[in-house]
Amino acid sequence: MLNESLRSPKPLPEKPDFFIVGAPKCGTTALYAYLRQHPNIFMSRVKEPHFFAKDLGQYPLVKTVDEYMNLFAERAPEHVRAGEASVYYLRSSVAIPGIHDFNPDAKIIAMFRNPVDMVYSLHSQLLYWSEETESDFETAWRLQERRRQGLDLPPTCREPFLVQYAEVGRFGTQAQRLLSIIPPAQVKLILYEDFAASPQGVYAEVIDFLGIPHDNRTDFPRINDNKRAKMEWLRDFIRKPPPVLRSAYRTLKQQMGAKTVVAVKKKILGLNTVTERRPPLSPAFRAELVAAFRDEVDLLSRIVNRDLSRWV
């Protein structure tokens, strides 16, 4: 009698067929969370695997095809669509071509906001995640050239591209590149301000775009508000432990179980977190940022066929 394990190999998971490709701080986390609850959608359990962003150094969380496909191993027959969300796919110059080669029929969702507001919000998030150490955004902005040369980089930053704020905000260029690779009929461009004003309306548009039944969702809670660590030293110690303690941390996970240790870590981080509004940028610095992004905003305005002059 044939051994059961030799009868037939376990079928490979189906390829994901839609991707939220960015941008950071533009509502992607909320959209991912909303779509994940739709009964006909399977979203990868790991948000932001960044598998296709091969040009972003060691930042991608998932490195191999097998690891990537395993993210979708739990997709069930009722899941008409499967997708993932990696916010730096737009920033990457190779991710979109890689996605297209992987699945030419894939649908792409990209979200944009006023790049001045985005980079300021991104700086705050990078501080919270211990990727940035310069607490003053204007100073961090002016450090970009030195950091491009490998100088004054935050010691806890995983990859230098994270603190190149101007590059992340080149939305017009990114949208143009996206549409030069993916057929426009397979692309959904969303403005954050529309999503913030009517999450239900934009969610319905996305469901139509994906071609699946509406689940009549009416609850759209706010997700991923601006956060700040109460004690920066504790934030950095928990998120980026000193090298001398990393082996002890790994041993602790083995002894107590990874889930227990991660739960304790999240609890400490939660107690050390406060949600708050960022103070406004100075008028002079904001005007400088507006000028820096004007051409990109003009280009995006033409691409989405919307008057975005209020951004600049």
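The coordinates are above.
Residues numbered from 1 in each chain as written. Predicted model: local features only at pLDDT ≥ 70, side-chain atom pairs only at ≥ 80, totals over all residues. Heavy atoms only, no water.

Peer 1: Summarise unusual backbone geometry; cite the residues concerned and give the values.
Peer 2: Omega for the peptide link from Gly22 to Ala23 comes to 0°, which places this bond in the cis form. The phi dihedral of Lys25 is positive, around 60°, even though this residue is not glycine. Note on placement: Lys25 falls in the loop between strand 1 (18–20) and helix 2 (28–36). Taking the relative accessible area as the measure of exposure, Lys25 reaches 12% and is therefore buried. Positive phi values are uncommon outside glycine, yet Asn305 reaches one of about 55°. With respect to the helices and strands, the residue Asn305 is situated in the segment after helix 15 (283–304). With a relative accessible area of 68%, Asn305 lands in the exposed category. (Helix = DSSP H or I, 4+ residues; strand = E, 2+ residues; numbered from the N terminus. Buried < 20%, exposed > 50% of the residue type's maximum accessible area, 1.4 Å probe, protein only.)

Peer 1: Can you break down the pattern of salt bridges residue by residue, with the values?
Peer 2: On inspection of all chains with the given rule, the structure shows 16 salt bridges. Across the salt bridge formed by Arg45 and Glu74, the nearest N and O atoms sit 3.9 Å from each other. Taken together, the residues Arg45 in the loop between strand 2 (41–43) and helix 3 (65–70) and Glu74 in the loop between helix 3 and strand 3 (81–85) connect sequence positions 29 residues apart. A salt bridge links Arg146 to Asp152, with the shortest nitrogen-to-oxygen separation between them at 2.4 Å. (Salt bridge = Lys/Arg side-chain N within 4 Å of Asp/Glu carboxyl O.)

Peer 1: Can you explain the nonpolar core? Please cite residues and give values.
Peer 2: Phe19, Leu35, Tyr68, Tyr89 and Phe137 are the most contacted members of the largest nonpolar core, which totals 81 residues. For this core, the element with the highest residue contribution is helix 15, accounting for seven residues. In this structure, Tyr68 is in contact with Pro16, Phe19, Pro49, Phe51, Phe52, Val62, Glu84 and Phe102, ignoring residues within four places of it in sequence. (Core = buried A, V, L, I, M, F, W, Y, C linked by side-chain atoms within 4.5 Å. Contact = heavy atoms within 4.5 Å.)

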